[in-house]
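Here is how the chains run, residue by residue.
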Amino acid sequence: MREGSLKLRPYLDDVGVMIGLEIHVQLNKLNTKIFCGCPLDYHDDEPNTHTCPVCLGLPGSLPVINRKSVEYSIKVGLALNCTIEEHTQFYRKNYYYPDLPKGFQITQYDYPIASNGYINIEGEDGEVRIRINRAHMEEDPGRLVHEGGSIERSKYTFIDYNRSGVALLEIVTEPDLRSPKEARRFLDKLRNILGYLDVVDTTLEGSMRVDANISLAGGSRSEVKNISSHKGAERALLFEIIRQKNLLRRGGKVVQETRHFDEARGVTVSLRTKEEAHDYRYFPEADLGPIRVADWAPGIQETLPELPDARRMRFVSNYSITDDHARSLTSEKQVADFYEQVAAEVDSKLAAVWIADVLKGELNYRDIGIDAFSSEYMVALVKLVAGDKISEQSGVEVIRTILDEGGNPDEVVAAKGLLKAGGDIVTTAVVEVIEENPQAVEDYRSGKPEAVNFLTGQVMKKTRGRADAKEVREMIIQRI
Amino acid sequence: MITVAQTLEAIRNSSVEDVLNQCIDRIESGTFNTFITVAKESALEAAGKMEGHTGPLAGIPIAIKDNISTRGIQTTCASKILGGYVPPYDAHVIERLKAAGAIIVGKANMDEFAMGTSTESSHYGPTLNPWDPERVPGGSSGGSAATVAASEVPLSLGSDTGGSVRCPASFCGVVGLKPTYGVISRYGLISYANSLEQIGPIASNVEDMTLLFNVIAGHDARDSTSVAGEKDYTKALVDDVKGLTIGVPEEYFGEGIDPAVEKSVWDGVHRLEELGASWKEVKMAHTKYALAAYYVIAMSEASSNLARFDGMRYGLRLEKDHDWHTTYSEIRAQGFGEEVKRRILLGTYALSAGYMDKYYLKALKVRTLIRQDFEQALKDTDVLIAPTMPTPAFKLGEKISDPLTLYMADVNTVPINLAGVPSVSLPCGFSNGLPIGLQVMGRHFDEATIIRTAYTFEQNTDFHTRSPEVA
Ligand SMILES: [Zn+2]
C-alpha cells in the first residue's frame, strides 16, 4: 500500500453492508467515437444518422482506436491515483443482443488501461478511502427504444446506433462503501473529478450510468443495473438494503442475481438469476493489438489540473477559510475558479461565506450553474456589504434579483433603494416606532423580552430593510 | 490462360468494352461455376469511363472473391445468410483497384465464409476444376483460381487464412500469393479468422501476380494491423537466383505426400540450383502441431467473427416475426451451412470458460513456436521451398464427407499463416494432367525475395505456359 494512505475501512456495522460500484462514464467530450470517425454530438439528431460501417459492425469493417480516448482514459486513471501499466489490450466480450451489432463488444479484460487506485470521500466518521479496482475502456452499444415505453408493453423495438461506438470508461470500485449515502458521496466526488479533468460533460443524458453490487453480512450479493442518477443510486441501494434485511430477518436467503431499478416506483425488480449467467468467452481483439501506453502516462501526468482535494487543502491554508467552506467551494472546478477570482479582490473569508453559503444556495434552488452570475458582480457585492453600504439582507436580495431579473449590483441597489439608511433616518424611525407602539413597550418593560423583536421588525419595515437589525435592536433596548 | 499484357494488347486493338464483353461472355458460357455474381452492368459502366485512364490496370477485368466488400455489388461469402447483402462501401483493395483502372467483373465462388479446401461448401454450388471438371479447384478461393485457369479473366483476388489462395493456385495451375500479415489492408474483407487471413493476388504468371500485388499492397489507416511494405514490388522481377540459399524443410515432405508431387518439387529445387542457388535441408520441428493449433485459433476467431450474422440488419430474413432470441437461432440455423456451423460450435467450445487454457491459449503458444521455427530456418537461408499441397486436386465429393481428412490437406499451408510470413505458390509440374504447386516461403516483409525466386523459376521453365483445354 502507498505510504501515508488512509487505513482501509476498519469496521463493518451490524448489518455488514458492502457496496461496490461500476460506473460507465461516456467520454463525450471527444470529437469522435472510439473506433471510427463518426461525430459524438448526436443528442439532438435523428436516430441512426451518426453511423458508418465500423460502428454499425458491417461485415468487413475494422476498428481503429481513437488515440485521444486512450489519453483521456489515462488522465482519469491518474486522477484516480491508479497505476498505468506498460501496455493495454482490448478483448472481445461475446454475447447476443440486438443493440450490439457485431455480436461482441470490444472492451478490456486482462490489461485494463488503469488499475489499483482510490478516491477519498467524507465517510460517516471522517475521511475514508474507497479503492478503485480498475478502470477499463470499451465501446457503448446502441440504444433500444421500445415503442410504448417499456419492454413489457411494447409491440416492437427500434434500435438507434448513434450511441454505438461511443467511448466508455468503466470505473470499478472495491466493495468499500458502507451506506447509500457514502455511495452517493462517492459518485458526486467522482463527477467532480471528471469535471476538473474536462473529459466528460456530465449534464448529458446517459453520461454516467451506475451498476451497484450490494450484500449484507451472511448473504449473497445482488447487482442493480443501469441506474442513471446519483440520487437514483442512493434510493436503489436504500431499497436493496431494506429488502435484503427483511429477507434475512424472515430466514430467507439472498440469491445472487441481477436486478433492475425502477426509478418511477423506487423499487428494484429481479432481471435474472445466476443460473442464466453468461459465458462471455473473452479473448484478445486481434484487429487492434496491444497499445504501449507506458510512455504516454508521464506526459499526461504533467497536464493534470489541481484536483478537488489538493485545491481544498490549499484554500484552507491560503485563504484561511473553514474546511467546510473549502469543500463546498472546490467541489466544482468552475465554482472554485470563481471563488479565486473574487477572493483576489476582496476579503477571502467574506467571499467564502457569500459564495458557499449564499450564492450556491440560490443557484441550487434554481438548478442553474455558476456561470449565471459574474465574478465581478460578486466582487462588487462583497465590497458593498463589507463597506457597510448595504445590509446582509439586502445583499441576498441583490443576488436573487440579478438571478431572476438581471441587472448588476449597483443598478439593483439603486432601483430598489437598498443603500443602508444613514443614522438620522434610523433614529427617527426608532423614536417613531416607540411612540406608535406603547403596548409593546409596556410588554417589554413588564418582562416580555420578545416584544423587542416586534419593535425591531417595525423599524425594519419603516426603513425598508436598509437598517442593520442588530443595531436597531440595541437602539430600541437603550431607549425603553 | 490470359495475361495482362495480352489483355492490354487486345484493348489497344479494339476497346475496353469489346474486351470486357468477351470476358463476360466467357464467364457466362463457362461450365465451372466460377462466379456467384456477375456484375455486368456496373462493369460496363466502369468500362465506359475508362477512356484516357492511365492506371497500371486500366481496363483489365478482375474477379473478386465473394468475401471482399464491393459497393453496390452483392457480397455473400457463398452463404445463404448473406444472400442479397449489398455492401454500402468498398474494401480498401477495391478502392485501389478502381483507382488503378481495373474493372470488377463479378464475385468469385468460394467455400462458405472461406471455410474449406475444395469450394464444395458454397451455398451456390461447387466450382469445378478447369483441368478436370470431376475434380475440385481447391479452396477456399476456388472460384478466383479457376476463373484464371479457365482463361475467363487474367487476374483475381482471393483470401488466404490457412492456404486458401495457395491451395487453389496449386490445384488450378496458377500463381497465388499470401503476403506478410499486414501488407494488404483487410478493411472490407469479411473476417473468418482475422489474425490469420490476408487478401492475396492470383494470376497466370508471376509478373501479373506481382503487378496486381503492387496495386493493392500498402498502408491503410482503417486497418490497425496494416503496415507499409515495399514501394515497388515489380523491381523484384529479376531473372537471377545466384547466391540465394534455399531451405528445404523435410517436415513438409511427410506422410501422405504424392510421389509425383515430391519429385516435381525436388526437380524445382534442383532447377534453381542449376541457375545458381544453393540449397540445404532445414528443421522445422513444430510443424506437426501446426494443423491443430491453426484449427483451434481459426475456429475460435470464426465463432466470434460470425456472431454479427443474425438477420437483424441485412441478409436472410424470416417470413414470420418472432422474439429476437428465436429470430437469431432460426436465422442462423437456416442461414449457415454444415461446415460453418461445425466451426462455430468448435470455436465456441474452445473459448468457453474452463477450456480457454486447454485449447486456445495452448494454440497461441504453438503459434509462437512455429513462428520461431521460421525465424530460425530463415536465419541462414533466403527462402524455403516445399510442396504447396501434398497431392494434386482430388475428386469432388471425395473428402467433403470426412472433415478431418480434408483438414489434413492444409498441412503445408497453415504454418505460414500462423507465422505471418509471405508465401507464393506457382506451377512446377503435372501429374496425370493435373497441376502441381511449388511453394516459396520467405521472411516477414521479404516478398521481394520470394517473387524473385518464383520469377526466375518461371522464366526458366514452361509449366506456366500450359492451359487446360476449355470448351
Ligand atoms: Zn462510425
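Our structure is the block above this text.
Residues numbered from 1 in each chain as written. Chains lettered and ligands numbered in written order. Predicted model: local features only at pLDDT ≥ 70, side-chain atom pairs only at ≥ 80, totals over all residues. Heavy atoms only, no water.

**Student:** What am I meant to see in the overall build of chain A here?
**Tutor:** Counting its regular elements, chain A contains 15 helices and 15 strands. For chain A, the proportion of its 480 residues judged to be buried stands at 51%. Put simply, 69% of the contacts in chain A that link residues at least 6 apart link residues at least 24 apart. A total of about 22,700 Å² of accessible surface is found on chain A, and carbon and sulfur atoms cover 48% of it. Computed over 62 positive and 76 negative side-chain charges, the inter-centroid distance for chain A is 4 Å. (Helix = DSSP H or I, 4+ residues; strand = E, 2+ residues; numbered from the N terminus. Buried < 20%, exposed > 50% of the residue type's maximum accessible area, 1.4 Å probe, protein only. Contact = heavy atoms within 4.5 Å. Areas by Shrake-Rupley, 256 points an atom, 1.4 Å probe, with all protein chains shown as cover. Lys, Arg positive; Asp, Glu negative; His and termini not counted. Charge placed at Lys NZ, Arg CZ, Asp CG, Glu CD.)

**Student:** Can you help me understand the interface of chain A and chain B in this one?
**Tutor:** By a widespread convention, an interface's size corresponds to the accessible area lost as its parts come together. Between chain A and chain B, the contact holds 30 residues from the first and 36 residues from the second. Between chain A and chain B the total buried area reaches about 2,700 Å² when both faces are included, carbon and sulfur atoms providing 56% of it. Area buried by chain A at its contact with chain B is led by Pro59, Tyr96 and Arg281 of chain A, which between them contribute 25% of it. At the junction of chain A with chain B, the criterion picks out one salt bridge. Arg186 of chain B is paired through a salt bridge with Asp287 of chain A; the nearest N and O atoms lie 3.1 Å apart. Where chain A meets chain B, there are 17 residue pairs in polar contact (both at pLDDT 80 or more). Elements with a minimum of two residues in the side of chain A that touches chain B: strand 3 (90-94) and strand 14 (283-284) of chain A. Residue classes in the side of chain A that touches chain B are distributed as 19 nonpolar, five polar and six charged. (Buried area = accessible area lost by both parts, 1.4 Å probe. Salt bridge = Lys/Arg side-chain N within 4 Å of Asp/Glu carboxyl O. Polar contact = N/O pair within 3.5 Å; in protein donor to acceptor, adjacent residues only side chain to side chain. Nonpolar A, V, L, I, M, F, W, Y, C, P; charged D, E, K, R; others polar.)

**Student:** Please clarify how the packing of helix 9 (residues 375-386) of chain A against helix 10 (residues 392-405) of chain A should be interpreted in this entry.
**Tutor:** The packing of two helices is summarised by the inter-axis angle and the distance between the axes. Residues and elements named next belong to chain A. Where helix 9 contacts helix 10, the axes come no closer than 9 Å and their chain directions differ by 160 degrees. Relative to helix 10, the element helix 9 is oriented roughly antiparallel. Considering the relative orientation of helix 9 and helix 10, their crossing is right-handed. Residue-level inspection shows Tyr377, Met378, Leu381 and Val385 of helix 9 in contact with helix 10, the latter providing Glu392, Gly395, Val398, Ile399 and Ile402. Partitioning the contact of helix 9 with helix 10 into residue classes produces seven nonpolar, one polar and one charged. (Axes fitted to C-alpha atoms, helices over the stretch in contact; angles between N-to-C directions. Parallel < 35°, antiparallel > 145°, perpendicular 65-115°, else oblique. Left-handed = near helix turned anticlockwise from the far one by under 90°.)

**Student:** Honestly, the sheet that holds strand 3 of chain A in this entry has me stumped. Any pointers?
**Tutor:** What holds strands together in a sheet is hydrogen bonding between their backbones, with the strands either parallel or antiparallel. Read from one edge to the other, the open sheet built from three strands follows the order 4-3-14 (chain A), with strand pairing classed as antiparallel. Strand pairing shows two members of the sheet lacking a second neighbour, strand 4 (104-108) and strand 14 of chain A, which therefore form its edges. Bridge count between strand 3 of chain A and strand 4 of chain A: five bridges; the pairing is antiparallel. Note on strand 4 of chain A: the bridge partner recorded for Lys93 of chain A is Gln105 of chain A. Along the sheet face, helix 9 (residues 290-305) of chain B touches strand 3, strand 4 and strand 14 of chain A and points at about 65 degrees away from the line of strand 3 of chain A. (Pairing = 2+ DSSP bridges.)

**Student:** Can you walk me through the coordination of the zinc ion in this structure?
**Tutor:** Under ideal tetrahedral coordination, the four donors around a metal are separated by 109.5 degrees; under ideal octahedral coordination, the six donors are separated by 90 or 180 degrees. All names here are of chain A. Looking at the metal site, the zinc ion is ligated by Cys36 (SG), Cys38 (SG), Cys52 (SG) and Cys55 (SG), spaced 2.3 to 2.4 Å from it. Classification of the site at the zinc ion rests on its four donor atoms, whose angles at the metal span 102 to 114 degrees, yielding the label tetrahedral. Judged by relative accessible area, which is 7%, Cys38 ranks as buried. (Donors = N, O, S within 2.8 Å, 3.2 Å for Na, K, Ca; no water. Tetrahedral: all angles 85-135°; square planar, octahedral: opposite > 155°, others 65-115°.)

**Student:** I'm lost on the layout of surface pockets in this one. Help?
**Tutor:** Any empty space left between the atoms is revealed when a probe the size of a water molecule rolls over them. Residues and elements named next belong to chain A. In this model, the second largest pocket occupies a volume close to 1,200 Å³. As for the second largest pocket, its lining consists of 34 residues, and the residues nearest its centre are Arg191, Asn192, Thr202, Thr203 and Glu332. Elements with a minimum of two residues in the lining of the second largest pocket: helix 2 (180-197), helix 3 (230-249), helix 7 (333-343) and helix 8 (348-366). Among the elements that line the lining of the second largest pocket, the one with the most residues is helix 2, at six residues. Looking at side-chain class alone, the lining of the second largest pocket contains eight nonpolar, 13 polar and 13 charged residues. (1 Å grid on protein atoms, 1.4 Å probe; cavity = no way out; pocket = protein on both sides within 12 Å on 5 of 7 lines; lining within 4 Å. Points joined across faces, edges and corners; volume = space filled by probe spheres on them.)

**Student:** Any chance you could explain the environment of Gly188 of chain B here in plain terms?
**Tutor:** With respect to the element layout, Gly188 of chain B can be found in the loop between strand 5 (175-178) and strand 6 (198-203). Each C-alpha atom of the pair Gly188 of chain B and Ala91 of chain B lies 3.8 Å from the other, and the pair is 97 residues apart in sequence. Contacts of Gly188 of chain B, omitting those with residues within four sequence positions, involve Gly60 of chain A together with Asn67, Ile68, Ser69, Tyr89 and Ala91 of chain B.

**Student:** Would you mind going over the nonpolar core with me for this structure?
**Tutor:** It is characteristic of soluble globular proteins that their nonpolar side chains tend to be buried jointly. In terms of nonpolar packing, the biggest core is built from 226 residues, with Phe186 and Met378 of chain A together with Leu97, Phe113 and Phe374 of chain B touching the most fellow members. By size, the runner-up hydrophobic cluster in this structure holds 28 residues, among which are Ile24, Ile27, Ala63 and Cys172 of chain B. (Core = buried A, V, L, I, M, F, W, Y, C linked by side-chain atoms within 4.5 Å.)

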